[in-house]
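Residues per chain are reported as follows:
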Amino acid sequence: MVKITKEVVEKLIKDQFPKWAYLDIKPVEKSGHDNRTFHLGDEMTIRLPSGEDYVAQIEKEIQWLPKLKPFITLQISSPIAKGKPNSEYPFPWSINKYIEGETATYDKIHDLNKFAVDLGLFLKELHKIDTTDGPIAGKHNFYRGGDLKIYNSETEVALENLKDILPIEELHYIWIQAISSKWENENVWIHGDIAPGNLLVKNGALCGVIDFGIMAVGDPSCDYAMAWTFFDKNIRKAFFNTLECDENTINRARGWALWKALITYFDKNIEVANNARFTIQSIIEELNIK
C-alpha cells in the first residue's frame, strides 16, 4: 500500500491543478480500502488508488461513468479531472464532483423497505444501459460479475476452518447450489461493490451511489449480496421483488454473500468480522438451518 498523506495530496493539487490550490483538503470521514478519498473544498473529492491493483478502477470510472450517468436517476460518481503520478505518488488519480449525503446506516435511513426498493430500482436502471465495449468481468475487478466458481477453493478452505463453529454441511450445500448455475442472459452493467459504505442517504432516503471502481459487465448477482449483509428477511423480499430475480440468480447472490462472510469471519477489522457473522446468521435463519 502506498502511504497517502494530506501533504502528498496538497502537492498533487498545487502542481497539477493550481486553480484549486486555495481550496481546503481533508480526508473524508470514511475512506475505502482500494482508494483513499479527500475532500477538495465543498464541491469536489479526490480519489487516489492505494496500490497498483486498483489503478484500473480510476481509469474505468473516468471512461465509463459519464456514459452511464444520463441513464441513472440517482446521483452517481462524476469524474471532473484526471491527475498524473509524481515523484511521491506513483499512480493516476481523479477529481470527482462531491455528492451531498451520508453513508448509509440503519439510524440514517427512515424507511428501510423504501431504501431497498429504491436500491433495486437503481440496479434495474443500471442493467438496462447498453454494454457495448464495456469491460468484461475478470481480474481487473476481482471477478465481480464473473463465474463465482473462481472462489471455490478459497470457500472450501474457509468452510473447513470453520467446521467447529458453523453448520458446515448445510452451508456447503448452499455454496454448491450457488455455483451450480450461471447467468444465461445478456451481460449487464454491474457496480461490483453494492454495500452501505458506497450508498449515500439524504433526508433519510437513498440519494446517491459512489465508488464504481469494480464496475464491469457480466452477471448481476454479485450486486445483490446486500440482501443478506444488511437487510432482514422482510426487506430482502421487497428488494428481490423489485428486481424480479429468478431463483438461480438469488442462489448465486447468496453465494457471493456467503463467500465474503466466510473469508472475513475472523477479520482483524471488528466491523468486518461482525458483518460476516450477521451475514451467515441471516443465511442460516432464512433457510431454517439448525
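Anyway, here's the lowdown on the structure attached to this text. (Residues numbered from 1 in each chain as written. Predicted model: local features only at pLDDT ≥ 70, side-chain atom pairs only at ≥ 80, totals over all residues. Heavy atoms only, no water.)

1. Concerning the overall build of the protein
- Looking only at helices and strands, one finds nine helices and eleven strands in the protein.
- What you see for the protein is a C-alpha radius of gyration of 19 Å, in line with the 19 Å of a compact globule of 290 residues.
- Expressed as a percentage of its 290 residues, the buried residues of the protein come to 52%.
- Considering only residue pairs separated by 6 or more positions, the protein has 69% of its internal contacts joining residues 24 or more positions apart.
- Surface accessibility of the protein: about 14700 Å² in total, with carbon and sulfur atoms responsible for 49%.
- Taking the average place of the 34 positive charges on the side chains of the protein and the average place of its 42 negative ones, the gap between the two points comes to 3 Å. (Helix = DSSP H or I, 4+ residues; strand = E, 2+ residues; numbered from the N terminus. Rg over C-alpha atoms; globule rule 2.2 N^0.38 Å. Buried < 20%, exposed > 50% of the residue type's maximum accessible area, 1.4 Å probe, protein only. Contact = heavy atoms within 4.5 Å. Areas by Shrake-Rupley, 256 points an atom, 1.4 Å probe, with all protein chains shown as cover. Lys, Arg positive; Asp, Glu negative; His and termini not counted. Charge placed at Lys NZ, Arg CZ, Asp CG, Glu CD.)

2. Quick notes on the sheet that holds strand β9 (residues 199-202)
- With respect to topology, four strands assemble into an open sheet ordered β4-β10-β9-β7, the strand pairing being mixed. With partners counted over all chains shown, the strands left at the sheet margins are β4 (75-76) and β7 (102-103), one partner each.
- The sheet contact formed by β4 and strand β10 (residues 205-209) spans two bridges and is parallel. When the bridges of β10 are listed, Ile76 appears paired with Val209.
- Along the sheet face, helix α3 (residues 112-127) touches β4, β9 and β10 and points at about 30 degrees away from the line of β10. (Pairing = 2+ DSSP bridges. Axes fitted to C-alpha atoms, helices over the stretch in contact; angles between N-to-C directions.)

3. A word on the sheet that holds strand β2 (residues 35-40)
- The five strands lie next to each other as β1-β2-β3-β6-β5, forming an open sheet whose pairing is antiparallel. The open sheet has two free edges, formed respectively by β1 (25-27) and β5 (79-83), since each of these has just one partner strand. Ignoring strand direction, the axes of neighbouring strands in this sheet form an average angle of 25 degrees.
- Of the pairings in the sheet, the one linking strand β3 (residues 44-49) to strand β6 (residues 93-97) comprises four bridges and is antiparallel in character. Within β6, the position partnered with Thr45 by the bridge is Asn96.

4. Quick word on helix α2 (residues 55-68)
- Between the first and last C-alpha of α2 there are 20 Å, a value that for 14 residues agrees with the 20 Å anticipated at 1.5 Å per step.
- Approximately 35 degrees is the largest bend angle found in α2, and it occurs at Glu61.
- Buried residues of α2: Val55, Gln57, Ile58, Lys60, Glu61, Trp64, Leu65 and Leu68, and no others. (Expected span 1.5 Å × (residues − 1). Bend = angle between axes of the 7 residues up to and from the residue.)

5. Some points on the pattern of salt bridges
- If you walk through the whole model with that rule in mind, you get 13 salt bridges.
- For the salt bridge of Lys11 with Asp15, the shortest nitrogen-to-oxygen distance reads 2.6 Å. Of this pair, Lys11 and Asp15 are both found in helix α1 (residues 6-16), four residues apart, which corresponds to roughly one turn of the helix.
- Across the pair Lys108 and Asp107 runs a salt bridge whose closest N-O atoms are separated by 3.6 Å.
- Judged by relative accessible area, Asp107 falls into the exposed class, the value being 61%.
- When salt bridges that share partners are traced, they join Arg47, Glu61 and Asp211 into one network. (Salt bridge = Lys/Arg side-chain N within 4 Å of Asp/Glu carboxyl O.)

6. A look at the packing of aromatic side chains
- Summed over all chains, the structure comprises 19 aromatic pairs.
- Aromatic pair Phe122 and Phe212: ring centres 6.5 Å apart, planes at 80 degrees, arrangement edge-to-face. Taken together, the positions of Phe122 in helix α3 and Phe212 in the loop between β10 and β11 (216-218) put the pair 90 residues apart, joining distant regions of the chain.
- For Phe122, a relative accessible area of 2% puts it in the buried group.
- Seen from their ring centres, Tyr151 and Trp259 are 4.2 Å apart, and the 20 degrees between their planes marks the pair as stacked. With Tyr151 in the loop between α3 and α4 (152-161) and Trp259 in helix α8 (residues 247-263), the pair connects residues that are 108 residues apart, well separated along the chain.
- Using a relative accessible area of 13% as the deciding quantity, one classes Tyr151 as buried.
- Looking at Trp259, the relative accessible area reads 5%, which means it is buried.
- Here the guanidinium or amino end of Lys67 rests over the ring plane of Trp64, the centre of that ring lying 4.7 Å away.
- When the ring centre of Tyr265 is taken as reference, the NZ or CZ atom of Arg277 above it lies at 4.2 Å. (Phe/Tyr/Trp six-rings, centres within 6.5 Å; stacked < 30°, edge-to-face > 60°. Lys NZ or Arg CZ within 6 Å of the ring centre and 35° of its normal.)

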